Amino acid sequence: MDWMRAMSKKRRDRSRSFERFLLAALVAAAAVASPIAPLESAAHASDGGRRQAVITVKGMQCPFCAYGIKKHLAKVPGVEKVEVELAKNQATVYVAPDANVTDAHLQRAVRKAGFEASKIEWR
Amino acid sequence: MSGMRTARHIVVAAIVLGGIALTGAPASAGPITFLTALPVAQSQAVVRGQYLLMRASDNRTPADRELTVQAWPVAVAVGITPRLAVFGVVPFAAKSFEVNTPAGRRTFGTSGLGDIVVFGRFTAIAVDDVESTFRIAPFGGVKLPTGDADESDDLGRLPRPLQAGTGSWDALGGLAITFQTKQWQMDADVGFRRTTEADEFRFGDEAFADVSFQYRVWPRQLGAGVPAFLYAVAETNLISQGRHEIRGLADSDSGGTRWDVDVGLQYVTTNYIIEGIVQIPALDRPNGTGLRSDVRVTAGLRWNISLPF
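Definitions and limits used
Residues numbered from 1 in each chain as written. Chains lettered and ligands numbered in written order. Predicted model: local features only at pLDDT ≥ 70, side-chain atom pairs only at ≥ 80, totals over all residues. Heavy atoms only, no water. Pairing = 2+ DSSP bridges. Helix = DSSP H or I, 4+ residues; strand = E, 2+ residues; numbered from the N terminus. Contact = heavy atoms within 4.5 Å. Buried area = accessible area lost by both parts, 1.4 Å probe. Salt bridge = Lys/Arg side-chain N within 4 Å of Asp/Glu carboxyl O. Polar contact = N/O pair within 3.5 Å; in protein donor to acceptor, adjacent residues only side chain to side chain. Core = buried A, V, L, I, M, F, W, Y, C linked by side-chain atoms within 4.5 Å. Buried < 20%, exposed > 50% of the residue type's maximum accessible area, 1.4 Å probe, protein only. Phe/Tyr/Trp six-rings, centres within 6.5 Å; stacked < 30°, edge-to-face > 60°. Lys NZ or Arg CZ within 6 Å of the ring centre and 35° of its normal. Axes fitted to C-alpha atoms, helices over the stretch in contact; angles between N-to-C directions.

Here we look at the pairing of strand β22 (residues 296-306) of chain B
All names here are of chain B.
Line of reasoning, step 1. Alignment of strand β1 (residues 44-57) against β22, held across 10 bridges, turns out to be antiparallel. Among the inter-strand pairings, Leu52 is bridged to a residue of β22, identified as Thr298.
Line of reasoning, step 2. Across 8 bridges, strand β20 (residues 272-286) lies against β22 in antiparallel orientation. By the bridge assignment for β22, Val278 is matched with Val297.

A closer look at the interface of chain A and chain B
Line of reasoning, step 1. Contacts between chain A and chain B engage 26 residues on the former and 42 residues on the latter.
Line of reasoning, step 2. Of all residues in chain A, the largest losses of buried area upon contact with chain B belong to Gln61(A), Phe64(A) and Tyr67(A), amounting jointly to 33% of the total for that side.
Line of reasoning, step 3. Applying the counting rule to chain A against chain B returns 0 salt bridges.
Line of reasoning, step 4. The tally of links between chain A and chain B comes to 13 residue pairs in polar contact (both at pLDDT 80 or more).
Line of reasoning, step 5. Secondary-structure elements contributing two or more residues to the side of chain A that touches chain B are β1 (51-58), α3 (63-74), β2 (79-85) and α4 (103-112) of chain A.
Line of reasoning, step 6. Per-element tally for the side of chain A that touches chain B: the top contributor is α3(A), with 8 residues.

Describing the nonpolar core
Line of reasoning, step 1. If you look at the biggest cluster of nonpolar residues, it comprises 54 residues, and the most contacted ones within it are Ile55(A), Val57(A), Ile69(A), Leu73(A), Val93(A), Leu106(A) and Phe119(B).
Line of reasoning, step 2. Among residues more than four places away in sequence, those in contact with Val57(A) are Ile69(A), Asn89(A), Ala91(A), Val110(A), Phe115(A) and Glu116(A).
Line of reasoning, step 3. Judged by nonpolar contacts, the second largest core, of 14 residues, contains Met54(B), Ala71(B), Leu158(B) and Leu291(B).

Brief notes about the pairing of strand β3 (residues 90-95) of chain A
All names here are of chain A.
Line of reasoning, step 1. The buried count for β3 comes to 5 of 6 residues, which makes it a mostly enclosed element.
Line of reasoning, step 2. Across 6 bridges, the pairing between β1 and β3 is antiparallel. Opposite Gln52, over in β3, you have Tyr94 as the bridge partner.
Line of reasoning, step 3. Two elements, β2 and β3, share 6 bridges in a ladder whose sense is antiparallel. Bridging across to β3, Glu83 finds its partner in Thr92.

With respect to the sheet that holds strand β17 (residues 245-246) of chain B
The pairing of strands in a sheet comes from backbone hydrogen bonds and takes either a parallel or an antiparallel form.
Residue and element names in this part refer to chain B.
Line of reasoning, step 1. Judged by pairing direction, the sheet is antiparallel, and its 3 strands sit side by side in the order β14-β17-β18 without closing on themselves. Whereas interior strands pair on both sides, the edge strands pair on one side only; in this sheet they are β14 (201-202) and β18 (249-250).
Line of reasoning, step 2. Sheet topology places β14 next to β17; 2 bridges connect them, and they run antiparallel. Its bridge partner lying in β17, Arg202 is registered against Glu245.

A word on the packing of aromatic side chains
Line of reasoning, step 1. Taken as a whole and assessed by the stated rule, the structure comprises 8 aromatic pairs over all chains.
Line of reasoning, step 2. Both rings, one in Phe87(B) and one in Phe119(B), keep their centres 4.8 Å apart while their planes meet at 5 degrees; by these two values the pair is stacked. Of this pair, Phe87(B) sits in strand β4 (residues 84-90) while Phe119(B) is found in strand β7 (residues 117-122), placing the two residues 32 residues apart along the sequence. The pair Phe87(B) / Phe119(B) is uniform in exposure class, with both members buried.
Line of reasoning, step 3. Judged by centre distance (5.4 Å) and plane angle (40 degrees), the rings of Phe179(B) and Trp184(B) are tilted.
Line of reasoning, step 4. The partly exposed category is assigned to Phe179(B), whose relative accessible area is 28%.
Line of reasoning, step 5. For Trp184(B), a relative accessible area of 29% translates into the label partly exposed.
Line of reasoning, step 6. Just above the ring of Tyr94(A) sits the side chain of Lys81(A); from NZ or CZ to the centre is 4.9 Å.

Some details on unusual backbone geometry
Line of reasoning, step 1. Omega for the bond connecting Trp218(B) with Pro219(B) falls within 30 degrees of zero, at 0 degrees, which places this linkage in the cis form.
Line of reasoning, step 2. By secondary structure assignment, the location of Pro219(B) is in the loop between β15 (206-218) and β16 (229-241).

Section: the sheet that holds β1(A)
Residues and elements named next belong to chain A.
Line of reasoning, step 1. Taken together, the 4 strands give an open sheet; going across it, the order is β2-β3-β1-β4, and neighbouring strands pair in antiparallel fashion. Sheet topology places β2 and β4 (116-122) at the edges, where each strand pairs with a single neighbour. Sheet twist, expressed as the average angle between the axes of neighbouring strands with direction ignored, equals 20 degrees.
Line of reasoning, step 2. Set on the sheet, α3 makes contact with β1, β2 and β3; between it and β2 the angle comes to about 160 degrees.
Line of reasoning, step 3. Across the face of the sheet, α4 comes into contact with β1, β2, β3 and β4 while running at roughly 145 degrees to β4.

None of this, on its own, says anything about what the molecule does.
Right under this line is the structure:
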(Lines give C-alpha, C1' and ligand atoms only; values in the text may rest on other atoms or scores of the structure.)
Protein backbone atom coordinates (compact mmCIF):
# COMPACT_ATOMS: atom_id res chain seq x y z
CA MET A 1 0.00 0.00 0.00
CA ASP A 2 2.88 2.32 0.76
CA TRP A 3 4.26 1.99 -2.70
CA MET A 4 0.80 2.91 -4.12
CA ARG A 5 0.67 6.08 -1.98
CA ALA A 6 4.18 6.97 -3.07
CA MET A 7 3.24 6.54 -6.76
CA SER A 8 0.16 8.75 -6.37
CA LYS A 9 2.21 11.55 -4.66
CA LYS A 10 4.77 11.37 -7.50
CA ARG A 11 1.95 11.76 -10.06
CA ARG A 12 0.52 14.79 -8.15
CA ASP A 13 3.98 16.38 -7.96
CA ARG A 14 4.53 15.82 -11.68
CA SER A 15 1.14 17.32 -12.43
CA ARG A 16 1.89 20.44 -10.28
CA SER A 17 5.29 20.80 -11.96
CA PHE A 18 3.62 20.64 -15.36
CA GLU A 19 1.03 23.26 -14.31
CA ARG A 20 3.82 25.54 -13.04
CA PHE A 21 5.74 25.02 -16.30
CA LEU A 22 2.61 25.77 -18.36
CA LEU A 23 1.93 28.95 -16.39
CA ALA A 24 5.54 30.10 -16.76
CA ALA A 25 5.42 29.35 -20.48
CA LEU A 26 2.20 31.33 -20.90
CA VAL A 27 3.61 34.32 -19.01
CA ALA A 28 6.81 34.18 -21.08
CA ALA A 29 4.83 33.88 -24.32
CA ALA A 30 2.69 36.88 -23.40
CA ALA A 31 5.78 38.92 -22.56
CA VAL A 32 7.47 37.95 -25.87
CA ALA A 33 4.31 38.59 -27.92
CA SER A 34 3.88 42.17 -26.68
CA PRO A 35 7.16 43.43 -25.30
CA ILE A 36 6.23 47.10 -25.94
CA ALA A 37 2.84 46.94 -24.25
CA PRO A 38 4.10 47.75 -20.77
CA LEU A 39 6.30 50.55 -22.23
CA GLU A 40 3.31 52.03 -24.11
CA SER A 41 1.27 52.08 -20.96
CA ALA A 42 4.10 53.86 -19.22
CA ALA A 43 4.33 56.37 -22.08
CA HIS A 44 0.61 57.04 -21.86
CA ALA A 45 0.89 57.61 -18.15
CA SER A 46 3.76 60.03 -18.62
CA ASP A 47 1.77 61.86 -21.39
CA GLY A 48 -0.99 62.50 -18.90
CA GLY A 49 -3.18 59.88 -20.54
CA ARG A 50 -3.56 61.63 -23.90
CA ARG A 51 -5.18 59.63 -26.67
CA GLN A 52 -4.09 58.91 -30.22
CA ALA A 53 -6.14 58.66 -33.36
CA VAL A 54 -4.62 57.04 -36.41
CA ILE A 55 -6.26 58.36 -39.57
CA THR A 56 -5.93 56.68 -42.94
CA VAL A 57 -5.84 59.47 -45.53
CA LYS A 58 -6.90 58.55 -49.04
CA GLY A 59 -5.24 60.45 -51.87
CA MET A 60 -2.15 61.68 -49.98
CA GLN A 61 0.70 60.76 -52.32
CA CYS A 62 3.48 63.35 -52.01
CA PRO A 63 5.26 65.40 -49.34
CA PHE A 64 3.84 68.74 -50.53
CA CYS A 65 0.27 67.42 -50.08
CA ALA A 66 1.05 66.26 -46.53
CA TYR A 67 1.57 69.90 -45.48
CA GLY A 68 -2.11 70.86 -45.67
CA ILE A 69 -3.22 67.69 -43.87
CA LYS A 70 -0.79 68.29 -41.01
CA LYS A 71 -1.75 71.97 -40.68
CA HIS A 72 -5.51 71.37 -40.70
CA LEU A 73 -5.33 68.50 -38.19
CA ALA A 74 -3.15 70.63 -35.91
CA LYS A 75 -5.85 73.35 -35.97
CA VAL A 76 -8.47 71.02 -34.44
CA PRO A 77 -8.98 72.20 -30.81
CA GLY A 78 -7.54 69.62 -28.43
CA VAL A 79 -5.03 68.18 -30.90
CA GLU A 80 -1.57 68.59 -29.39
CA LYS A 81 0.62 66.93 -31.99
CA VAL A 82 0.35 65.53 -35.51
CA GLU A 83 2.62 63.01 -37.18
CA VAL A 84 2.30 61.92 -40.80
CA GLU A 85 3.49 58.59 -42.23
CA LEU A 86 3.36 59.10 -45.98
CA ALA A 87 4.29 55.50 -46.85
CA LYS A 88 1.32 54.20 -44.83
CA ASN A 89 -1.06 57.01 -45.82
CA GLN A 90 -1.53 57.66 -42.12
CA ALA A 91 -1.73 60.72 -39.92
CA THR A 92 -1.54 60.23 -36.16
CA VAL A 93 -3.02 62.92 -33.93
CA TYR A 94 -2.29 63.10 -30.20
CA VAL A 95 -5.28 64.47 -28.33
CA ALA A 96 -5.35 66.06 -24.89
CA PRO A 97 -7.10 63.82 -22.29
CA ASP A 98 -9.88 66.30 -21.57
CA ALA A 99 -10.45 67.33 -25.22
CA ASN A 100 -13.62 66.47 -27.04
CA VAL A 101 -12.23 65.50 -30.44
CA THR A 102 -14.49 63.33 -32.56
CA ASP A 103 -14.14 61.46 -35.83
CA ALA A 104 -16.21 64.19 -37.48
CA HIS A 105 -13.70 66.87 -36.42
CA LEU A 106 -10.81 64.89 -37.88
CA GLN A 107 -12.69 64.00 -41.08
CA ARG A 108 -13.55 67.68 -41.60
CA ALA A 109 -9.92 68.70 -41.14
CA VAL A 110 -8.70 66.16 -43.69
CA ARG A 111 -11.45 67.24 -46.11
CA LYS A 112 -10.34 70.89 -45.79
CA ALA A 113 -6.91 69.78 -46.96
CA GLY A 114 -8.54 68.37 -50.09
CA PHE A 115 -8.39 64.68 -49.16
CA GLU A 116 -10.52 61.96 -47.60
CA ALA A 117 -10.21 60.23 -44.21
CA SER A 118 -11.22 56.62 -44.82
CA LYS A 119 -10.57 55.06 -41.41
CA ILE A 120 -10.00 56.46 -37.93
CA GLU A 121 -8.66 54.18 -35.22
CA TRP A 122 -8.49 55.41 -31.63
CA ARG A 123 -5.83 54.06 -29.29
CA MET B 1 15.81 107.35 -90.62
CA SER B 2 14.13 105.36 -93.34
CA GLY B 3 16.42 102.46 -92.44
CA MET B 4 15.20 102.70 -88.87
CA ARG B 5 11.61 102.70 -90.01
CA THR B 6 12.32 99.62 -92.10
CA ALA B 7 13.75 97.97 -89.02
CA ARG B 8 10.63 98.89 -87.09
CA HIS B 9 8.48 97.28 -89.76
CA ILE B 10 10.60 94.14 -89.58
CA VAL B 11 10.14 94.07 -85.83
CA VAL B 12 6.40 94.54 -86.05
CA ALA B 13 6.11 91.87 -88.67
CA ALA B 14 8.47 89.37 -87.16
CA ILE B 15 8.09 88.92 -83.41
CA VAL B 16 6.13 85.83 -82.60
CA LEU B 17 6.34 85.78 -78.86
CA GLY B 18 3.71 87.77 -77.08
CA GLY B 19 3.16 88.09 -73.34
CA ILE B 20 4.13 85.56 -70.75
CA ALA B 21 1.91 82.55 -71.08
CA LEU B 22 0.18 80.67 -68.30
CA THR B 23 3.38 79.41 -66.78
CA GLY B 24 4.24 79.80 -63.15
CA ALA B 25 0.83 78.67 -61.95
CA PRO B 26 1.47 76.65 -58.83
CA ALA B 27 -0.59 74.18 -56.90
CA SER B 28 0.81 71.07 -55.34
CA ALA B 29 3.83 69.21 -56.55
CA GLY B 30 3.28 68.64 -60.21
CA PRO B 31 4.23 69.88 -63.64
CA ILE B 32 6.80 72.64 -63.95
CA THR B 33 5.58 74.31 -67.14
CA PHE B 34 1.83 74.18 -66.62
CA LEU B 35 -1.01 73.65 -64.17
CA THR B 36 -1.82 70.55 -62.10
CA ALA B 37 -5.22 69.40 -60.87
CA LEU B 38 -3.94 68.56 -57.38
CA PRO B 39 -5.64 70.44 -54.55
CA VAL B 40 -4.58 73.56 -52.72
CA ALA B 41 -5.83 73.06 -49.15
CA GLN B 42 -8.43 75.47 -47.83
CA SER B 43 -6.79 78.40 -45.98
CA GLN B 44 -3.48 77.54 -47.57
CA ALA B 45 -1.42 79.42 -50.13
CA VAL B 46 1.27 78.23 -52.47
CA VAL B 47 3.67 80.90 -53.71
CA ARG B 48 5.94 80.24 -56.64
CA GLY B 49 8.82 82.35 -57.88
CA GLN B 50 10.38 81.48 -61.22
CA TYR B 51 13.10 82.59 -63.55
CA LEU B 52 12.52 82.01 -67.27
CA LEU B 53 14.96 82.55 -70.07
CA MET B 54 13.56 82.37 -73.60
CA ARG B 55 15.30 83.03 -76.86
CA ALA B 56 13.97 83.16 -80.38
CA SER B 57 16.11 83.84 -83.40
CA ASP B 58 16.17 83.76 -87.15
CA ASN B 59 19.07 83.00 -89.47
CA ARG B 60 16.90 82.78 -92.55
CA THR B 61 17.05 86.48 -93.36
CA PRO B 62 19.83 89.07 -93.43
CA ALA B 63 18.04 90.88 -90.61
CA ASP B 64 19.45 88.23 -88.21
CA ARG B 65 16.75 88.93 -85.66
CA GLU B 66 17.17 87.80 -82.08
CA LEU B 67 14.65 88.09 -79.28
CA THR B 68 15.57 87.47 -75.64
CA VAL B 69 12.97 87.38 -72.90
CA GLN B 70 13.90 87.10 -69.25
CA ALA B 71 10.93 86.81 -66.94
CA TRP B 72 10.36 86.53 -63.22
CA PRO B 73 6.75 85.50 -62.79
CA VAL B 74 5.48 85.30 -59.24
CA ALA B 75 2.38 83.15 -58.85
CA VAL B 76 0.12 82.70 -55.84
CA ALA B 77 -2.55 80.03 -55.39
CA VAL B 78 -5.02 80.33 -52.54
CA GLY B 79 -7.35 77.53 -51.46
CA ILE B 80 -10.79 79.10 -50.97
CA THR B 81 -12.49 75.76 -50.37
CA PRO B 82 -11.05 72.24 -50.59
CA ARG B 83 -12.15 72.17 -54.24
CA LEU B 84 -11.83 75.79 -55.34
CA ALA B 85 -8.50 77.57 -55.68
CA VAL B 86 -7.83 81.06 -57.01
CA PHE B 87 -4.59 81.78 -58.83
CA GLY B 88 -2.80 85.01 -59.62
CA VAL B 89 0.27 85.29 -61.82
CA VAL B 90 2.26 88.54 -61.73
CA PRO B 91 4.96 88.56 -64.39
CA PHE B 92 7.96 90.85 -64.43
CA ALA B 93 9.79 90.63 -67.72
CA ALA B 94 12.65 92.17 -69.69
CA LYS B 95 12.40 91.82 -73.47
CA SER B 96 15.22 92.65 -75.82
CA PHE B 97 15.12 92.50 -79.62
CA GLU B 98 18.13 92.85 -81.91
CA VAL B 99 18.00 93.27 -85.67
CA ASN B 100 20.29 94.25 -88.54
CA THR B 101 19.17 97.41 -90.29
CA PRO B 102 20.65 99.49 -93.11
CA ALA B 103 21.83 101.82 -90.38
CA GLY B 104 23.53 99.02 -88.43
CA ARG B 105 22.49 96.60 -85.71
CA ARG B 106 19.73 97.97 -83.52
CA THR B 107 18.45 96.86 -80.12
CA PHE B 108 14.98 97.52 -78.82
CA GLY B 109 13.83 96.61 -75.37
CA THR B 110 11.35 96.99 -72.59
CA SER B 111 11.10 95.79 -69.03
CA GLY B 112 8.64 95.95 -66.18
CA LEU B 113 5.39 94.53 -64.95
CA GLY B 114 3.55 92.45 -67.52
CA ASP B 115 -0.10 91.47 -67.66
CA ILE B 116 -1.47 89.91 -64.50
CA VAL B 117 -3.42 86.70 -64.99
CA VAL B 118 -6.19 85.79 -62.52
CA PHE B 119 -8.11 82.54 -62.73
CA GLY B 120 -10.00 79.98 -60.70
CA ARG B 121 -9.74 76.21 -60.74
CA PHE B 122 -12.45 73.89 -59.49
CA THR B 123 -11.87 70.21 -58.74
CA ALA B 124 -14.88 68.68 -60.44
CA ILE B 125 -13.86 65.06 -59.98
CA ALA B 126 -11.66 63.63 -57.21
CA VAL B 127 -11.17 59.90 -56.87
CA ASP B 128 -8.97 59.30 -53.83
CA ASP B 129 -7.56 55.94 -52.94
CA VAL B 130 -4.84 54.80 -50.55
CA GLU B 131 -2.39 54.20 -53.39
CA SER B 132 -3.44 56.92 -55.84
CA THR B 133 -5.44 60.05 -56.51
CA PHE B 134 -7.15 61.10 -59.72
CA ARG B 135 -8.39 64.64 -60.31
CA ILE B 136 -10.12 66.54 -63.07
CA ALA B 137 -10.27 70.30 -62.66
CA PRO B 138 -11.56 72.87 -65.15
CA PHE B 139 -10.07 76.34 -64.89
CA GLY B 140 -10.89 79.73 -66.30
CA GLY B 141 -9.98 83.37 -65.85
CA VAL B 142 -8.82 86.62 -67.37
CA LYS B 143 -5.59 88.32 -68.32
CA LEU B 144 -5.70 91.92 -67.21
CA PRO B 145 -4.05 94.75 -69.16
CA THR B 146 -1.78 95.73 -66.28
CA GLY B 147 1.47 95.84 -68.24
CA ASP B 148 2.60 98.95 -70.04
CA ALA B 149 1.60 98.64 -73.70
CA ASP B 150 2.61 102.14 -74.75
CA GLU B 151 6.38 102.14 -74.35
CA SER B 152 8.25 104.16 -76.97
CA ASP B 153 11.74 105.18 -77.97
CA ASP B 154 13.14 107.85 -80.32
CA LEU B 155 11.41 106.18 -83.26
CA GLY B 156 8.01 106.19 -81.64
CA ARG B 157 5.92 103.49 -80.07
CA LEU B 158 7.62 100.10 -79.76
CA PRO B 159 6.06 97.12 -81.55
CA ARG B 160 3.22 95.58 -79.57
CA PRO B 161 4.80 92.14 -79.07
CA LEU B 162 7.80 93.89 -77.55
CA GLN B 163 5.73 95.81 -75.00
CA ALA B 164 5.67 94.54 -71.42
CA GLY B 165 1.87 94.23 -71.59
CA THR B 166 -0.62 93.57 -74.36
CA GLY B 167 -3.14 96.27 -73.46
CA SER B 168 -6.01 93.86 -73.92
CA TRP B 169 -8.40 91.90 -71.72
CA ASP B 170 -8.11 88.24 -72.65
CA ALA B 171 -10.05 85.22 -71.48
CA LEU B 172 -8.56 81.81 -70.86
CA GLY B 173 -9.98 78.45 -69.94
CA GLY B 174 -9.17 74.78 -69.96
CA LEU B 175 -9.09 71.48 -68.18
CA ALA B 176 -6.36 69.94 -66.02
CA ILE B 177 -6.14 66.21 -65.25
CA THR B 178 -3.84 64.53 -62.72
CA PHE B 179 -3.14 60.94 -61.73
CA GLN B 180 -0.70 60.60 -58.86
CA THR B 181 0.86 57.70 -56.96
CA LYS B 182 3.77 57.81 -54.53
CA GLN B 183 6.11 56.50 -57.25
CA TRP B 184 4.99 58.58 -60.23
CA GLN B 185 2.59 61.26 -61.36
CA MET B 186 1.04 62.17 -64.68
CA ASP B 187 -0.60 65.49 -65.52
CA ALA B 188 -2.20 66.84 -68.65
CA ASP B 189 -4.04 69.97 -69.60
CA VAL B 190 -5.74 71.48 -72.60
CA GLY B 191 -6.78 75.08 -72.89
CA PHE B 192 -7.58 78.10 -74.95
CA ARG B 193 -6.79 81.79 -74.71
CA ARG B 194 -9.16 84.18 -76.47
CA THR B 195 -7.69 87.59 -77.08
CA THR B 196 -9.34 90.96 -77.66
CA GLU B 197 -8.27 94.01 -79.57
CA ALA B 198 -6.53 96.94 -77.94
CA ASP B 199 -5.35 100.05 -79.80
CA GLU B 200 -6.01 98.49 -83.21
CA PHE B 201 -3.88 95.44 -82.43
CA ARG B 202 -5.02 91.97 -81.53
CA PHE B 203 -2.75 89.10 -80.62
CA GLY B 204 -3.61 85.75 -82.14
CA ASP B 205 -5.77 83.36 -80.12
CA GLU B 206 -3.92 80.45 -78.58
CA ALA B 207 -4.73 76.79 -78.05
CA PHE B 208 -2.44 74.69 -75.89
CA ALA B 209 -2.02 71.12 -74.65
CA ASP B 210 0.58 69.82 -72.21
CA VAL B 211 1.57 66.50 -70.68
CA SER B 212 3.92 65.90 -67.75
CA PHE B 213 5.36 62.70 -66.29
CA GLN B 214 7.20 62.78 -62.98
CA TYR B 215 9.00 59.72 -61.63
CA ARG B 216 10.40 59.48 -58.09
CA VAL B 217 14.08 58.59 -58.38
CA TRP B 218 14.94 59.20 -54.72
CA PRO B 219 14.37 57.80 -52.17
CA ARG B 220 14.03 54.38 -53.79
CA GLN B 221 12.20 53.05 -50.71
CA LEU B 222 9.96 55.28 -48.63
CA GLY B 223 11.14 55.66 -45.05
CA ALA B 224 9.36 56.84 -41.92
CA GLY B 225 7.61 60.18 -41.65
CA VAL B 226 7.41 62.41 -44.72
CA PRO B 227 10.66 62.09 -46.68
CA ALA B 228 11.61 64.56 -49.40
CA PHE B 229 11.19 63.32 -52.98
CA LEU B 230 13.40 63.87 -56.00
CA TYR B 231 11.48 63.54 -59.25
CA ALA B 232 12.83 63.19 -62.77
CA VAL B 233 10.45 65.19 -64.94
CA ALA B 234 9.59 64.82 -68.63
CA GLU B 235 7.07 67.20 -70.15
CA THR B 236 5.81 68.20 -73.54
CA ASN B 237 4.02 71.38 -74.61
CA LEU B 238 2.07 72.02 -77.78
CA ILE B 239 0.91 75.54 -78.51
CA SER B 240 -0.74 76.91 -81.61
CA GLN B 241 -1.26 80.63 -82.03
CA GLY B 242 -3.34 82.37 -84.65
CA ARG B 243 -2.09 85.37 -86.60
CA HIS B 244 -2.01 88.78 -84.98
CA GLU B 245 -4.30 91.40 -86.45
CA ILE B 246 -3.26 94.96 -87.10
CA ARG B 247 -6.24 97.23 -87.76
CA GLY B 248 -8.30 94.15 -88.54
CA LEU B 249 -5.80 92.71 -91.03
CA ALA B 250 -4.01 89.45 -90.31
CA ASP B 251 -0.24 89.70 -89.97
CA SER B 252 1.07 86.86 -92.14
CA ASP B 253 4.37 86.77 -90.27
CA SER B 254 2.92 86.03 -86.87
CA GLY B 255 1.52 83.05 -85.03
CA GLY B 256 2.33 79.43 -85.73
CA THR B 257 2.74 76.11 -83.99
CA ARG B 258 5.40 75.04 -81.55
CA TRP B 259 5.97 71.70 -79.84
CA ASP B 260 8.51 71.43 -77.03
CA VAL B 261 9.94 68.39 -75.26
CA ASP B 262 11.20 69.16 -71.78
CA VAL B 263 13.46 67.47 -69.25
CA GLY B 264 13.84 68.56 -65.65
CA LEU B 265 14.27 67.78 -61.99
CA GLN B 266 12.06 68.56 -59.03
CA TYR B 267 12.97 68.32 -55.33
CA VAL B 268 9.82 68.17 -53.22
CA THR B 269 9.64 68.58 -49.45
CA THR B 270 6.68 69.26 -47.17
CA ASN B 271 7.29 73.01 -47.15
CA TYR B 272 8.97 73.84 -50.45
CA ILE B 273 9.83 72.64 -53.94
CA ILE B 274 12.93 73.45 -55.97
CA GLU B 275 12.66 72.73 -59.68
CA GLY B 276 14.31 73.31 -63.00
CA ILE B 277 13.49 72.34 -66.59
CA VAL B 278 14.84 72.79 -70.10
CA GLN B 279 12.33 73.10 -72.93
CA ILE B 280 13.71 71.87 -76.24
CA PRO B 281 11.82 72.72 -79.42
CA ALA B 282 10.90 69.51 -81.22
CA LEU B 283 8.81 71.26 -83.83
CA ASP B 284 8.62 74.96 -84.59
CA ARG B 285 6.53 76.20 -87.46
CA PRO B 286 6.09 79.95 -87.28
CA ASN B 287 3.95 81.55 -89.95
CA GLY B 288 5.77 83.51 -92.64
CA THR B 289 9.10 84.83 -91.45
CA GLY B 290 8.32 84.54 -87.76
CA LEU B 291 11.08 83.80 -85.30
CA ARG B 292 11.99 80.27 -84.28
CA SER B 293 12.27 79.43 -80.60
CA ASP B 294 15.53 78.23 -79.10
CA VAL B 295 15.94 76.24 -75.91
CA ARG B 296 14.09 77.71 -72.93
CA VAL B 297 15.20 77.37 -69.34
CA THR B 298 13.02 77.63 -66.25
CA ALA B 299 14.06 77.46 -62.60
CA GLY B 300 11.71 77.95 -59.70
CA LEU B 301 10.88 77.68 -56.05
CA ARG B 302 7.48 77.05 -54.40
CA TRP B 303 6.51 77.60 -50.79
CA ASN B 304 3.59 76.20 -48.83
CA ILE B 305 2.05 78.84 -46.56
CA SER B 306 -0.68 78.32 -43.98
CA LEU B 307 -3.10 81.26 -43.88
CA PRO B 308 -4.59 82.50 -40.59
CA PHE B 309 -8.24 82.39 -41.74
